[in-house]
Amino acid sequence: MEMVVADSLVKAFPTPDGGEKRAVDGLSFRVGQGQIYGLLGPNGAGKTTTLRMLSGLMAPTSGTATLAGFDVATQPQEVKRVLGFLTANTGLYQRLSARELLIYFAQLHRMDRAQAEARAEQLIAWLGIEDFAHLRCGALSTGQKQRVNIARALVADPPILVMDEPTLGLDVLSNRVILDFIKRERHAGKTIILSTHYLDEAETMCDQIGLLHDGRLVAEGDLESLRELSGEHRLSSIFLKLIHADRPIGAAGA
Amino acid sequence: MTFPHRIRTIYVKELIDILRDRRTLIAMIVVPIVLYPLLMLGSVQAVSYQHESLEQEALRIGVADDAHRRMVTQLIHADRVALDERKATLDPESDEAKGLPTPLDDATIEVFDSLADLQRAIRERAIPVGVVFDGETLVDSIERQVKVHVNADYEEPRGTSAGRRVEGLIQRTNERLQEARLHERGLPKSFLEPYTVETVDLSAPSSVLGEVLPLILILMTITGAIYPAIDLTAGERERGTLESLMVCPVPVIDLIVGKFLVVTTVAVMGAALNLASVTATVYFGGFDKVIASTGGHVPIGKMLFILLALIPFAVLMSAIMIAVCSYARTFKEAQNYVTPVILAVLIPGGVAALPATRLEGIMLVMPVGNMVLLAKELLLGAAVPPWQVVMVLLSTTFYAGAAVAVAAGIFGKESVVFADAGSLSGSFARKMMKPSPRPSVSMSLLVTALLFPTWFFVQSALSPGLDEAAAGQLYGTAWLMPLLFVVLPVGILLYWKVDVVRTFGLRVPRLRHWAAGALVGLSAWAPAHELNVLQESVLGVPETVVRSAERLAEVVKLLPPATAILLLALLPAVCEELLFRGFLLSGLGSSMRKWAAIVAAAAVFGVFHFFVFRFAVTAGLGVILGYLCWQSRSILPAMVTHAVHNTVGLLSVIRPEWLRWIGVADDADPQAEWAHLPLPVVLVGSAVLLLGLYLASRPADPQPAAGNSLSLPGRGSE
């Protein structure tokens, strides 16, 4: 079953000179249930804009997208109910404790107080937040914050997870906790869209990979088919070759 | 979770969040409790100290030559002797003895080269006062009068004080000489003054408080609202929490209402603390005599009343602040937006605080100004008619509602959530706008809210002083109504690429709905009249309403009947329906439930008719008109109803014969207007009205189950 369908998505922004720039330009892809789809691309490729359109935060200039069958343009509330969204630079409410924050978001997702508290405790245990659940979010380290953030995205136990750079700037330990958690959610049948800079992470995690460049999908498939397509073995080389950036500079480390 | 539940969750969270912020606490608690008393103690003491020190200061008097120096010295000496004699006769503890003026014998007298030199020195503030006599000698006979020129810079406290002291000296000398002359001739004091004047000051004891306090409190309420408004809107964006909030399945209006209630709470708490602090400072600081003009006491009961009056104001300001700050993406940007808003608020607030401004005319509906005036009038002890209080509260609620709707329209808008996604001007750039079938709630409410004081102003500006000019008001309205109610909204719709035809419901309705419109129009006057009579028997009729109705009737009789019907029935039917049932109801219907939208549009329609007295009936008609419009998905049946209803009203003035045919009393009896209609007329009228509503109850096209919010494009799916 296809949980996420993007069809010819376009997002144009006005430029100061009165023209417009297409951040995403005719993007189509599909993600089946229980799959991890990796959206890869250099900075400015349109990854974040794509994820924002999928989550209903931005209206597509043209094209459509559906999540679990709900159209993001016409059924935004239904889409928000099936979606857990983790943004790249999410902040937390500095003056609430991690526990208070999780309970608040659970309540916003229409749980009553008792349900919200139970769900918060469950996530606190799963993500190893116990030690700092009582601290105000302003006092947490980057890794701790990111764990709270993931707990927040999962608070309503949504069937679809959209994660924008979930491991950006994390230490090895937090990184491990989060990646294990993502795998676990996939095994539980969740559909996950992951955007990342870390190509080795994509190699080990993703079932399908879409390479995004200048707002267009330049290649799509599992790792094997991308290897065949490019004749390269490592994802970083595949990536550079497919976006034709392998000639001027040497291969960039992942 | 239900709607109020969700708002409560948001409210509680935001309140905890904001109260845990040290900056809020400082602004809300420390500033009023510490700063206020300090400022007040400081400034009052500084003023009284300055005043006293000026009185005690050794006086310096300038003269232009030696002869004048001798004359001044003589006057001072004689005054001193007289004062000493007087003091000796009085009990030193008595008020009169304490009130005796200080003699000027410690004054230094400085001689200048010329009058010009003396005056220059005064202008340069080198010497506070100069005395110049006409002539070289003092008064020495009863025939002579000597003019004394007291030169001083009366704009300056030192100059004023010195000038007054010299004037006092001359005054006392005059009194002494008069008394001596009367005594010499054996005449009583009444010889010179057959009448004496004694003024009796009846001003309320708290007049200084009444003039100044409302403005101070308003400033403090605004100050209290600013920080939380910025923190809860722009702060959310700046700290990166907005995106995760916007992906929650919560309607933006719930978020905004929750946040708005928190800002209002904090603003009211701040205002209450300020008020308590002022009261305590005045009371315990012993300043009640300084502040209250006639030495009265602090009116604690009134303070509580002011606090109540501040709540609607805090509601309005919080709504405006939330709307303005929602547009900002950073704290800094929000602060830049807030400054002009404060200035814009202070202008009507300041005008209202002027002593001569009264709560009447346009000031009744002037945002902010009307609240300041209401607080001032109450504090000064003026009797404010209840309908004025209602008018102020209704218009304030309307403005606040519009501001909240605007905030909800802006908050979470793409261009605001993502600073990197194009500039703010993008949200006004026409080429980036998408065509939409109907205006948004915020657009329709904002435009109507701005129209409201404009329309009120137009109506009062056109309002005739003389009967002959009354027709001028009608013709002026005939020009301006289409312009403001139709051309302006159409222009806005076209710019924002909104479908004009759908918004205004310009489609041919079913025959059934035509008939419904006509029946309701023909019959609604009877129940409306009964409602009016009922209301009159409970509330009474204000004189102004009676007079304006009489004046209108006079004018109508002077006009050719066709013109009267055109101006007073057809024109309002077309323009008001397009604005209220077209523009406003369509906008509200785009994200409100059916009845909520109809009732809200009807309430605004009622508010627009200014006379609070007519509010209930007008709003009731508004509900019926909105219902007709919603059911038929066309504006035309409501226009028919409106036109027929107004024509029936006109005919009762132009051709009163028909009223007699159906057994209604002649209008020769002035009381007839407030008499009940014959029962059969009421019954038939109500029956016809119900028949009309029954015909309208079957909707024109299939539509989503009743009660669903109509998020589908357009009112119909034609």
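Residues numbered from 1 in each chain as written. Chains lettered and ligands numbered in written order. Predicted model: local features only at pLDDT ≥ 70, side-chain atom pairs only at ≥ 80, totals over all residues.

Caption draft 1: Geometry of the overall build of chain A. A count of helical and extended segments in chain A gives 9 helices and 10 strands. Here chain A holds 254 residues, and 46% of them are scored as buried. (Helix = DSSP H or I, 4+ residues; strand = E, 2+ residues; numbered from the N terminus. Buried ≥ 20, exposed ≤ 12 C-beta atoms within 10 Å, placed from the backbone.)

Caption draft 2: Geometry of the overall build of chain B. Looking only at helices and strands, chain B has 28 helices and 4 strands in total. Across the 718 residues in chain B, those meeting the buried criterion constitute 39%. In chain B, the proportion of contacts linking residues at least 24 apart, taken out of those at least 6 apart, comes to 77%. (Contact = placed C-beta atoms within 7 Å.)

Caption draft 3: Seen up close, the sheet that holds strand S7 (residues 160–164) of chain A. Residues and elements named next belong to chain A. The mixed open sheet is built from 6 strands, whose spatial order is S6-S7-S8-S3-S9-S10. Pairing within the sheet leaves two strands with one partner each, and these edge strands are strand S6 (83–86) and strand S10 (216–221). Put simply, the sheet's adjacent strands are angled 15° from each other on average, direction ignored. For strand S9 (residues 208–213) and S10, the ladder comprises 5 bridges, and the chain directions are antiparallel. Opposite His 213, over in S10, you have Arg 216 as the bridge partner. (Pairing = 2+ DSSP bridges. Axes fitted to C-alpha atoms, helices over the stretch in contact; angles between N-to-C directions.)

Caption draft 4: Broad picture of the interface of chain A and chain B. Residue-level contacts link 29 residues of chain A with 24 residues of chain B. Elements represented by at least two residues in the side of chain A that touches chain B include exactly strand S1 (2–14), helix H2 (76–81), S6 and helix H3 (98–108) of chain A. The biggest single contributor to the side of chain A that touches chain B is H3(A), with 4 residues. Of the residues in the side of chain A that touches chain B, the class split is 14 nonpolar, 9 polar and 6 charged. (Nonpolar A, V, L, I, M, F, W, Y, C, P; charged D, E, K, R; others polar.)

Caption draft 5: How the structure looks around the confidence of the model for chain A. Averaged over chain A, the pLDDT score is 86; the fraction of residues at 70 or greater is 96%. In this model residues 248–254 of chain A is a low-confidence stretch, pLDDT under 50, and it forms 9 contacts with partners more than four residues away in sequence or in other chains. (pLDDT = per-residue confidence, 0-100.)

Caption draft 6: Here's a closer look at the nonpolar core. Residue and element names in this part refer to chain B. Ala 319, Met 321, Ala 407 and Ala 601 are the most contacted members of the largest nonpolar core, which has 223 residues in total. The contact partners of Ala 319, leaving out residues within four places of it in the chain, are Phe 260, Ala 400, Ala 403, Val 404 and Ala 407. Among the nonpolar cores identified, the runner-up in size contains 20 residues, and Ile 61, Met 71, Leu 75 and Ala 152 belong to it. (Core = buried A, V, L, I, M, F, W, Y, C linked by C-beta atoms within 7 Å.)

Caption draft 7: Structural detail: unusual backbone geometry. Its identity as a non-glycine residue notwithstanding, Asp214(A) has a phi of 50°, on the positive side. Topologically, Asp214(A) is positioned in the loop between S9 and S10. One non-glycine residue, Lys497(B), lies in the positive phi region at around 55°. You can see Lys497(B) is positioned in the loop between helix H18 (470–495) and helix H19 (500–503). Residue Lys497(B) is classed as exposed on the basis of its C-beta count, with 12 C-beta atoms lying within 10 Å.

Caption draft 8: Region of interest: the environment of Val341(B). Residue and element names in this part refer to chain B. Residue placement: Val 341 occurs in helix H13 (residues 331–353). For Val 341 and Ile 320, which are 21 residues apart along the polypeptide, the C-alpha to C-alpha distance reads 8.5 Å. Leave out the neighbours within four places in its chain, and Val 341 touches Ile 320 and Val 324.

Caption draft 9: Spatial organisation of the sheet that holds strand S4 (residues 148–152) of chain B. All names here are of chain B. Spatial strand order, S2-S1-S3-S4: 4 strands in an open sheet with mixed pairing. A single partner strand is all that each edge strand has here, and the edge strands are strand S2 (108–111) and S4. Within this sheet the neighbouring strands show an average axis-to-axis angle of 30°, counted without direction. As paired elements, strand S1 (residues 60–63) and strand S3 (residues 129–133) share 2 bridges and run parallel to each other. Each bridged residue has a counterpart across the sheet, and for Gly 62 the counterpart in S3 is Gly 130. Together, S1, S3 and S4 form the strand contacts of helix H6 (residues 157–185), whose direction differs from that of S4 by roughly 165°.

Caption draft 10: Spotlight on the packing of helix H23 (residues 561–589) of chain B against helix H26 (residues 636–654) of chain B. Residue and element names in this part refer to chain B. In contact at an axis separation of 8 Å, H23 and H26 are set at 150° when each is read in the N-to-C sense. Taken together, the axes of H23 and H26 lie roughly antiparallel to each other. Handedness of the crossing formed by H23 with H26: right-handed. Where H23 abuts H26, its residues Pro 561, Ala 564, Ile 565, Leu 568, Ala 569, Leu 570, Pro 572, Ala 573, Val 574, Glu 576, Glu 577 and Arg 581 lie against Ala 638, Met 639, His 642, Ala 643, Asn 646, Thr 647, Leu 650 and Ile 654. (Parallel < 35°, antiparallel > 145°, perpendicular 65-115°, else oblique. Left-handed = near helix turned anticlockwise from the far one by under 90°.)

Caption draft 11: Region of interest: the packing of helix H14 (residues 369–379) of chain B against helix H15 (residues 386–410) of chain B. Residues and elements named next belong to chain B. Interaxial distance between H14 and H15 falls to 10 Å at its minimum, and their mutual angle equals 150°. On the basis of their axis angle, the class for H14 and H15 is roughly antiparallel. The way H14 lies across H15 gives a crossing that is left-handed. Residues Asn 370, Met 371 and Leu 374 of H14 lie in contact with H15, whose contacting residues are Val 389, Val 392, Ser 395 and Thr 396. Counted by class, the contact of H14 with H15 contains 4 nonpolar, 3 polar and no charged residues.

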